[in-house]
Amino acid sequence: METLEKLQSIINDSFTAEEILTAAVQTAGLSKVVLASSLSVEDQALTHMLCKSNVQPRIFTLDTGRLFPETYETMEKTMARYGFRYEILAPDSSELEEMVGTYGPNLFYQSIELRKKCCMVRKINPLKRVLSTADIWICGLRREQAVTRTTIEPVEWDASNNLVKVNPLYNWSEKDVWSFIEKHEIPFNQLQLNGFRSIGCAPCTRAIKDEEDLRAGRWWWEEPEHKECGLHNRPKKN
Ligand code: SF4
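Residues numbered from 1 in each chain as written. Predicted model: local features only at pLDDT ≥ 70, side-chain atom pairs only at ≥ 80, totals over all residues. Heavy atoms only, no water.

Student: Please give an account of the packing of helix α1 (residues 2-10) against helix α2 (residues 17-28) that cites residues and values.
Tutor: Here α1 crosses α2 at 145 degrees, and the two axes come no closer than 10 Å. When the axes of α1 and α2 are compared, the crossing they make is right-handed. Two secondary-structure elements touch here, α1 through T3, K6, L7 and I10 and α2 through A23, A24 and T27. Broken down by class, the residue content of the contact of α1 with α2 amounts to 4 nonpolar, 2 polar and 1 charged. (Axes fitted to C-alpha atoms, helices over the stretch in contact; angles between N-to-C directions. Helix = DSSP H or I, 4+ residues; strand = E, 2+ residues; numbered from the N terminus. Left-handed = near helix turned anticlockwise from the far one by under 90°. Contact = heavy atoms within 4.5 Å. Nonpolar A, V, L, I, M, F, W, Y, C, P; charged D, E, K, R; others polar.)

This is the structure in structure tokens:
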């Protein structure tokens, strides 16, 4: 809680994303700050900012085993451009074997419960392992991304993981993100050019039309209020 209060007293609405990142690193120390990257354009922008101002930042990614080939290509290009190695987290093999052995490899289409179970095994459990080593978790969440994200603050307490969550891009628009990517020639997932605007695992992501909601291509068979994998669950407002 001390880190949260300190950051909340430092950061105000006039802070840029870079200034928020700098405040996070100065408050907790570089080894206790982790950036969670899904290789989205938001996370690519944050990776650029973090690598430009820090030597050997901690950037991790969850390799669920079901990612698109283009996502792995983006990982390689990004490490080559900035000269760092991702902390790559994989699901626990025995948990994974038990799940796919019981429900089959494509269990996520059977029910919301099984979809959440798959996200738990492939994403959330590995995530918890790495977050237990950190005091601050940097995320690329933006308010306008989804109905589940409209109340995001730049600094928040994540009670389920017991650490501070920092969202430097909380008030950025999608256009802001792309302007930053283009200005700094940052590598990005080439699927973005083919209508994939929010990219997760291959079986759970489809291309969308321009007029569709940004996250309409994620778990498209579910209602919008269910469209979180559990990584970024937020308390419900009364
Ligand atoms: Fe499983 Fe789909 Fe969640 Fe990936 S996004 S972990 S494949 S349910």
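Resuming the write-up.
Student: For the packing of aromatic side chains, give the residues involved together with the corresponding values.
Tutor: Within a pair of aromatic rings, the relevant descriptors are the distance that separates the centres and the angle that separates the planes. Enumeration over the complete set of coordinates arrives at 7 aromatic pairs. Their ring planes at 70 degrees and their centres at 4.8 Å tell us that F84 and Y86 sit as a pair that is edge-to-face. You can call F84 buried: its relative accessible area is 6%. An aromatic cluster of at least three residues, connected via ring pairs, comprises F108, Y109, W220 and W221. The side chain of R115 reaches across the aromatic face of W219, ending 4.3 Å from its centre. Above the plane of the ring of W219 lies R218, whose end atom (NZ or CZ) is 4.9 Å from the centre. (Phe/Tyr/Trp six-rings, centres within 6.5 Å; stacked < 30°, edge-to-face > 60°. Buried < 20%, exposed > 50% of the residue type's maximum accessible area, 1.4 Å probe, protein only. Lys NZ or Arg CZ within 6 Å of the ring centre and 35° of its normal.)

Student: Tell me about unusual backbone geometry, and please be specific about residues and values.
Tutor: Even without being glycine, Q56 reaches a positive phi, approximately 55 degrees. Of note, W219 is a non-glycine position whose phi angle comes to about 40 degrees, a positive value. Looking at where W219 falls in the secondary structure, it is placed in the segment after α7 (174-183). Given the relative accessible area of 2%, W219 is considered buried.

Student: Outline the site of the ligand, supporting the account with residue identities and numerical values.
Tutor: Taken together, the residues surrounding the ligand are F108, R115, C118, C119, R122, K123, C201, C204 and W219. Of the residues assigned to the shell around the ligand, the class counts are 6 nonpolar, no polar and 3 charged. (Near = heavy atom within 4 Å.)

Student: Go over the environment of R66 with me, naming the residues and quoting the values.
Tutor: You can see R66 is positioned in the loop between β2 (58-62) and α4 (69-82). The exposure class of R66 is partly exposed, given its relative accessible area of 21%. Considering only alpha carbons, one finds R66 and V55, 11 residues apart in sequence, at a separation of 31 Å. Those residues in contact with R66 that lie beyond four places of it in its chain are P105, N106, F108, R122, C201, A202 and P203. Of note is the side chain of R66, whose polar atom sits 3.0 Å from the backbone oxygen of P105. A polar contact of 3.0 Å, which involves the side chain of R66, links it to the side chain of N106. (Polar contact = N/O pair within 3.5 Å; in protein donor to acceptor, adjacent residues only side chain to side chain.)

Geometric descriptors of this kind do not, in isolation, establish any biological role.
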